[in-house]
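Structural overview
So you can see what is in the structure, the chains are spelled out below.
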4 protein chains.
Amino acid sequence: MPDPETELTLRSDVTVRLVKSSANDADVVWAARVSTAGEDSLDELEKDPERSGGLINYLMRDRHGSPFEHNSMTFFVQAPIFVFREFMRHRIGFSYNEESGRYKELEPVFYVPGGDRKLVQEGRPGKYKMVEGTPEQHWLVLDTMAKAYRDAYEAYQEMLAEGVAREVARSVLPVGLFSSMYVTCNARSLMHFLGLRTTHPDAKVPSFPQREIEMVAEQMEAAWAEKMPITYAAFNKNGRVAP
Amino acid sequence: MPDPETELTLRSDVTVRLVKSSANDADVVWAARVSTAGEDSLDELEKDPERSGGLINYLMRDRHGSPFEHNSMTFFVQAPIFVFREFMRHRIGFSYNEESGRYKELEPVFYVPGGDRKLVQEGRPGKYKMVEGTPEQHWLVLDTMAKAYRDAYEAYQEMLAEGVAREVARSVLPVGLFSSMYVTCNARSLMHFLGLRTTHPDAKVPSFPQREIEMVAEQMEAAWAEKMPITYAAFNKNGRVAP
Amino acid sequence: MPDPETELTLRSDVTVRLVKSSANDADVVWAARVSTAGEDSLDELEKDPERSGGLINYLMRDRHGSPFEHNSMTFFVQAPIFVFREFMRHRIGFSYNEESGRYKELEPVFYVPGGDRKLVQEGRPGKYKMVEGTPEQHWLVLDTMAKAYRDAYEAYQEMLAEGVAREVARSVLPVGLFSSMYVTCNARSLMHFLGLRTTHPDAKVPSFPQREIEMVAEQMEAAWAEKMPITYAAFNKNGRVAP
Amino acid sequence: MPDPETELTLRSDVTVRLVKSSANDADVVWAARVSTAGEDSLDELEKDPERSGGLINYLMRDRHGSPFEHNSMTFFVQAPIFVFREFMRHRIGFSYNEESGRYKELEPVFYVPGGDRKLVQEGRPGKYKMVEGTPEQHWLVLDTMAKAYRDAYEAYQEMLAEGVAREVARSVLPVGLFSSMYVTCNARSLMHFLGLRTTHPDAKVPSFPQREIEMVAEQMEAAWAEKMPITYAAFNKNGRVAP
């Protein structure tokens, strides 16, 4: 019998933590310079940051992408399953390992929209705009989700208690359930991700990410910007189109 | 208010349909022959199927993978979200387009295990074995799932009825919900998939796929085997390890 | 002893032949429509080509790339090694099988620039412009190349005649030697290739391909344009930036 | 007029230098553990190296490949063009930047086989075996290559001296010319490379790499083995088949 005391955790935020990285602007410079100068001039270039900035900007503008691949960042991410479903569509230059509902019992942590999450969708397909929900809508969503999550998790627990395999019982768990993963990418693959999964005033190509994946993307962006500030500035300056 | 009459569809099967393909054994032969003979000898080779079979078997055994990539198969697949979650971890040589819960209202079609689905997991991690469930367990699963699915779908409908955006309301929908996608792959990427997502007496490397993705994989395998019978035989003969 | 009569073939063109394809505009439409409409409305859409054109243009403009992947084209290409060296840098969505200098004796077919090939490079790195050569320069190039090719091929033949392995002897062969390959791609990967390897008045992003790979790209482009004319028009209309 | 004094450098070795890395065995452990235990138990695992070794061996044996991707190694490589031609066929999990014959004048550094390089190929296609050359063959190869390289480089210089663009003049340069590149990969992609490009007594699948790319592969292997000794041992123990 399921525990009537099961405590659900309801979260409106996501966790993104840069676990490790080997990524800085100089990596772009030496990778690009091998084309024209061999490796001998590296020291000189490192003494000339301005020229390096110009080179990075030129590579971004003319879309020479490969020099942005010789670096690596690994993030630990906790977010709802529906976010991971979108995230894992990014195939190129991304490596994933995620918590498994086959190998472990999943924890009762669920997503509910925060007070500032726009709840209402207006316009026709391809032109949707999200607008504020009313207080009544916010209340309805919180109440309905909390109840639905509790019902689903109790059904899951009930099946587990009767000896049903985790991989079978999990069918009833909602896509609002939190999961955890490690994801490794490089600056080029991250820029592709950011171009599609954020909105930004500097973006030349419009994108309409769901807010929850954008919350993940914004935290990844902030961590990356600290590691590779010159590359990050060049990305924004050139319309946030990945090279 | 949600329609109290909402009819749920409960399915224990999956849909896999080969929508189009450009794939046959000769594609492997001419791709491999360009290495050694130029393209002039193609006609001759096509007249000599036995030698072609030997070549395909040699490529498979010694793991020359690239000649198996010059072909293409597109499948339409309907399966639960938890199957698609595993499927889309296959990044290389796979293209996907899936139904979107942001752009359309999702239909109430849900997965329940069939009568022959083993329900109970025994053993320790990495060594799991699935065994038969009791009739009581089968009954419990069906009953619990049907109720949980109905509750979840009604919660979804209730939020939609009050104007909540589809992308928000879907949070409560379970991973047992059916989705639809087109997936395009080639023989090489499909063999990788089959090696991991099926169990088979000829397999040299053990794999422990969840039964539901194996149901999809088996139907893809059958369709592929008809298109490329010599390649398929070589795959089995060489331990079902993708080249 | 090498045959003093060895006949060299000097070519100024490249061979590109679409060997097989499974590619048309409707493939893009049904792949995209699965997101919003399920597959039921396909017939209706096929009856409405104008709406299909609008959809394809929208996908291209807003950079929804995945619907352009459910198709396949295989080309047979003959071009100099220095072209293949650039070509094979394209990793994503490209499959290759090439003639092998380890497994066969390579034929004496070599590249020389045609009369309209610009021979002189002006300007500084990143801003190069090619300009016409003088008749003297053309004559020098033809003469020098023909002689260098003959010397190299005779050295190759001499080593082979003395029993040296092909894989060793080929070291002396120049990158102007012709090779043959099959290459398979889809419309999305091809658009990336064309964006970088052609120059075109509609291109929003500048590119500076070497003329010889552009000759290959132009022929691939022409073959693709016939198979997927609506997609091709949308590519040009949207600045020839791959989605 | 070309400089009659042009000094050619003849090399029989290759350069491989691990420029930077973020790669150790613990990366595999935490990536795998997220499936079953969440991240909380990391400290515990780090205290138990034996259990970690068992986990890594299990992942390798059952071919769970993704945990081996959350690491990164960048190598600087100098080797002949014919080696780079084979190297760059490795598309998945490899990033490249190479010296460009369009942007710089290439240096006269060329490959000649060392005294211990087997020069003679015996047997039929697919079953080749390399055997020792005679002293006469060694002498012939050195002499013929040195002369051919000099002729080719002088032709290159002559065209450059008359104002012909580097991208045109390089057509005559042989595939035995040395080039330089940076290449970034992860342990999983490196294991695929090593499986195909080395011979080794522990290998379960036969491979027939050309000796020169094997020389590069061996040095990459040695550098990787130092960084991830437990993973490396598991690779060898499980037949050197990449997971």
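1. Describing the interface of chain A and chain B
Contacts between the two partners involve 53 residues from chain A and, on the opposite side, 53 residues from chain B. In total, chain A and chain B occlude about 4600 Å² of area from one another, counting both sides; carbon and sulfur atoms represent 55% of this. For the chain A face of the interface with chain B, the top three residues by lost area are Arg 85, Arg 91 and Ser 171 of chain A, together amounting to 14%. Viewed at the interface, chain B and chain A are joined by 6 salt bridges. Between Arg 85 of chain B and Glu 98 of chain A there is a salt bridge; the shortest N-O distance is 2.9 Å. At the boundary of chain A and chain B, one finds 22 residue pairs in polar contact (both at pLDDT 80 or more). Only helix 4 (81-87), strand 4 (94-98), strand 6 (120-122), helix 5 (135-161) and helix 6 (166-169) of chain A provide two or more residues apiece to the side of chain A that touches chain B.

2. Comments concerning the interface of chain B and chain D
Across the boundary between the two partners, chain B contributes 16 residues, which contact 16 residues of chain D. Summed over the shared surface of chain B and chain D, the number is 2 salt bridges. One salt bridge in this structure joins Arg 91 of chain D and Glu 69 of chain B, with 2.8 Å as the shortest N-O distance. Across the chain B-chain D interface, the total number found is 2 residue pairs in polar contact (both at pLDDT 80 or more). Where the side of chain B that touches chain D is concerned, the elements lending two or more residues are helix 3 (49-61) and helix 7 (187-197) of chain B.

3. Re the pairing of strand 3 (residues 72-80) of chain C
For a regular strand, the rule is simple: side chains alternate between the two faces of the sheet. Residue and element names in this part refer to chain C. Of all 9 residues making up strand 3, 8 are buried, and the element is well covered by its neighbours. For strand 2 (residues 15-22) and strand 3, the ladder comprises 7 bridges, and the chain directions are antiparallel. When the bridges of strand 3 are listed, Arg 17 appears paired with Phe 76. Both strand 3 and strand 8 (residues 178-185) contribute to a ladder of 8 bridges, which runs antiparallel. Bridging across to strand 8, Pro 80 finds its partner in Phe 178.

4. Notes on the environment of Glu 221 of chain A
Residue and element names in this part refer to chain A. Note on placement: Glu 221 falls in helix 8 (residues 211-227). Since its relative accessible area comes to 7%, Glu 221 is described here as buried. Put simply, Glu 221 and Leu 194 are 27 residues apart on the chain and 7.3 Å apart in space, counted from C-alpha to C-alpha. Residue contacts for Glu 221: discarding those within four places in its chain leaves Leu 194, Thr 198, His 200, Tyr 232 and Arg 240. Engagement of the side chain of Glu 221 in a polar contact is seen with the side chain of Tyr 232, the distance being 2.5 Å.

5. Quick look at unusual backbone geometry
With phi around 55°, Arg 240 of chain C is a residue other than glycine that occupies positive phi space. Along the polypeptide, Arg 240 of chain C turns up in the segment after helix 9 (229-237). Positive phi is not limited to glycine here, since Arg 63 of chain D has a value of about 60°. On the secondary structure map, Arg 63 of chain D appears in the loop between helix 3 (49-61) and strand 3 (72-80). Note on Arg 63 of chain D: relative accessible area 16%, which makes it buried.

Conventions and cut-offs
- Residues numbered from 1 in each chain as written.
- Chains lettered and ligands numbered in written order.
- Predicted model: local features only at pLDDT ≥ 70, side-chain atom pairs only at ≥ 80, totals over all residues.
- Heavy atoms only, no water.
- Contact = heavy atoms within 4.5 Å.
- Buried area = accessible area lost by both parts, 1.4 Å probe.
- Salt bridge = Lys/Arg side-chain N within 4 Å of Asp/Glu carboxyl O.
- Polar contact = N/O pair within 3.5 Å; in protein donor to acceptor, adjacent residues only side chain to side chain.
- Helix = DSSP H or I, 4+ residues; strand = E, 2+ residues; numbered from the N terminus.
- Buried < 20%, exposed > 50% of the residue type's maximum accessible area, 1.4 Å probe, protein only.
- Pairing = 2+ DSSP bridges.

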